[in-house]
Amino acid sequence: MTNWFQRFGAAWITVFERLGRAHLFMLQMLLALPGTFRRFGLIVKQLFATGVMTLAIILVAGLFVGMVLALQGYNTLVGFGAEESLGALVALTLVRELGPVVTGLLFAGRAGSAMTAEIGLMKATEQLSGLEMMAVDPFQRVFSPRMIAGFIALPALAAMFSAVGVLGGHLVGVELLGVDAGAYWSQMQSAVGFEHDVLNGLIKSVVFGFVVCWIAIFEGADCIPTSEGVSSATTRTVVYSSLAVLGLDFLLTALMF
Amino acid sequence: MNTITENGSTLVRIKDLHFQRGPKRIFRGLNANIPRGQITTIMGPSGTGKTTLLKLIGGQIKPSQGSIEVDGLNVASLGRSDLFALRKRMGMLFQSGALLTDLTVFDNVAFPLREHTKLPESLVRHLVLMRLHAVGLRGAKNLFPAELSGGMARRVALARALVLDPMMIMYDEPFTGQDPISMGMLLELIKTVNNALQLTSIIVSHDIQEAMSISDYVIIVSDGVVVEAGSPAQLKGSTSEWVQQFLNGLADGPVPFQLAAPDYADELFNSAGDA
Ligand SMILES: Nc1ncnc2c1ncn2[C@@H]1O[C@H](COP(=O)(O)OP(=O)(O)O)[C@@H](O)[C@H]1O
Ligand SMILES: [Mg+2]
């Protein structure tokens, strides 16, 4: 029994110790920002690696999600004779919720896991130690550029997700199911407010970008430098950042709407 | 004991070094002096903390007690910018080479120059090609690290470590996993580089014959302390049984072949239940 308590306590101590290290790590990344901005090329390179490489999956996913929303929405709305509101429904759902959330989840799976694996491998092959021994700060050179890139990429990707989703909704709602095109777009325009909807959605995606990158980079840098260590760190990144996105989404929604 | 270093100048002075990782005490009062301008090899069984010792010298980790002085500076007490300034004067060759995988060989070697100097690109090119030529790999300048063999990667890493003209260079297990030809090349390179550039070289290794053949001074570490130190000839003549077992690679001696275990017959016949 005491044994069980001991292990329970030890597990929690480990968790909090790790959390503490993660926060110190974040602080070091922030402190490295000035040095990072002097290496602007690195940020651009990471923007390509995280943003552009995730673009295809985001666009395809956005299209399908928009189409599904239109199908489901139409079937419900038509019962009330309110199918003109389809545009508003699709756009609000995307901009407020699904855009940031699904983008956050896909980003965690595609870019986050890749970041963890890459940094973990750099650690396992002594590249990080090598940088330190060459008097180069890995925070400036490796970690912070990825953080900034993710921070910029995720909101941009979420915006594209929503935009493509609205088009997918148009495709199914207007072209396929025969909702009036004018109604689709004008209802959307009047229902979606900039501050209440677009800005709040943007804030969500910025927060998700921050958290997903933080988890991904920290897990990579903190992994046990062996093949098993890197692979379990990659798994942890996807699990933790997906949960973080969903949990934070609830929190932010409760605060915003 | 330290015949060479008492009189000559010492570059790295390790005093009463203690270090532990978790419950494991890796160093327990290690003392050693590494002479300037020579090749010193630190030997010891794997897992004794040779890599850890190099990291301590490079200031990547701090001792829990005792001190390490490099060129008169106490590494652990240096601030960040002083530490970085010192590291620019130390080259380190990691076991795997630690080349940056997203850069070509040329860019890897140019990396320290581009990070730490404002030299014009034409001069960078000159310096890089010169170092690559010295390690015989000018022809590989456009390859990526993944396309190099292990021996080539180490030579490129050597070129990179040399490009800032350091005062000393540390090699972590440079001979492990090398075929006889690249082994010969590495040995030759380490020796020529040390003499031509008037460096201080510290090699960490358990390839005894190879390391002894080019070293001026050898330090044998085991169990957290220096067991014996001296010139290769002095060590070969050592009367310590442990040193003889280690140097000659004997399977049994003071270090038993068998890890401590219950009696063999007992275990075979009496305790069938708990295996
Ligand atoms: N990052 C680390 N965390 C915990 N223990 C470590 C770490 N690095 C090395 N060790 C342990 O420290 C000891 C010495 O390691 P190392 O210096 O790599 O030995 P050597 O290079 O002589 O083979 C080993 O027992 C190793 O398991
Ligand atoms: Mg080692």
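Predicted model, so just to flag it, every value in this text is computed and none were measured.

Enquirer: Which residues make up the packing of helix 4 (residues 86-124) of chain A against helix 6 (residues 138-176) of chain A, and what are the values?
Expert: All names here are of chain A. Interaxial distance between helix 4 and helix 6 falls to 7 Å at its minimum, and their mutual angle equals 145 degrees. Considering how the two elements wind past one another, helix 4 and helix 6 form a crossing that is right-handed. Along the lines of polarity and charge, the residues of the contact of helix 4 with helix 6 split into 20 nonpolar, eight polar and two charged.

Enquirer: Now, about the interface of chain A and chain B: what can you tell me, with residues and values included?
Expert: With 16 residues of chain A at the contact, the number on the chain B side is 24 residues. At the boundary of chain A with chain B, total buried surface from both sides reaches about 1800 Å², with 54% on carbon and sulfur atoms. Considering only the side of chain A, the residues that lose the most area to chain B are Glu126, Met133 and Met134 of chain A, jointly responsible for 38% of the buried surface there. Where chain A touches chain B, the interface holds four salt bridges. Salt-bridge contacts for arginine 39 of chain A lead to glutamate 115 of chain B; the nearest nitrogen and oxygen are separated by 2.7 Å. Between chain A and chain B we count nine residue pairs in polar contact (both at pLDDT 80 or more) in total.

Enquirer: If you had to explain the environment of leucine 94 of chain A to someone new, which residues and values would you point to?
Expert: All names here are of chain A. You can see leucine 94 is positioned in helix 4. On the accessibility criterion, leucine 94 (0% relative accessible area) is buried. Separated by 28 residues in sequence, leucine 94 and glycine 66 have C-alpha atoms that sit 7.7 Å apart. Once you skip the residues sitting within four places of it in the chain, leucine 94 turns out to touch Val65, Leu69, Gly99, Pro100, Phe161, Ser162, Gly165 and Val166.

Enquirer: Explain the sheet that holds strand 5 (residues 73-74) of chain B residue by residue, including any values.
Expert: Residue and element names in this part refer to chain B. Overall, antiparallel pairing links the four strands, which are arranged 2-1-4-5 in an open sheet. Every interior strand has two partners, whereas the edge strands, strand 2 (24-35) and strand 5, have only one. When strand 1 (residues 10-21) meets strand 4 (residues 65-70), the two strands line up antiparallel, connected through five bridges. Paired with isoleucine 14 across the strands is isoleucine 68, a residue of strand 4. Packing against the sheet, helix 2 (residues 50-57) makes contact with strand 1, strand 2 and strand 4, and its axis sits at approximately 120 degrees to strand 1.

Cut-offs applied
Residues numbered from 1 in each chain as written. Chains lettered and ligands numbered in written order. Predicted model: local features only at pLDDT ≥ 70, side-chain atom pairs only at ≥ 80, totals over all residues. Heavy atoms only, no water. Axes fitted to C-alpha atoms, helices over the stretch in contact; angles between N-to-C directions. Helix = DSSP H or I, 4+ residues; strand = E, 2+ residues; numbered from the N terminus. Left-handed = near helix turned anticlockwise from the far one by under 90°. Nonpolar A, V, L, I, M, F, W, Y, C, P; charged D, E, K, R; others polar. Contact = heavy atoms within 4.5 Å. Buried area = accessible area lost by both parts, 1.4 Å probe. Salt bridge = Lys/Arg side-chain N within 4 Å of Asp/Glu carboxyl O. Polar contact = N/O pair within 3.5 Å; in protein donor to acceptor, adjacent residues only side chain to side chain. Buried < 20%, exposed > 50% of the residue type's maximum accessible area, 1.4 Å probe, protein only. Pairing = 2+ DSSP bridges.

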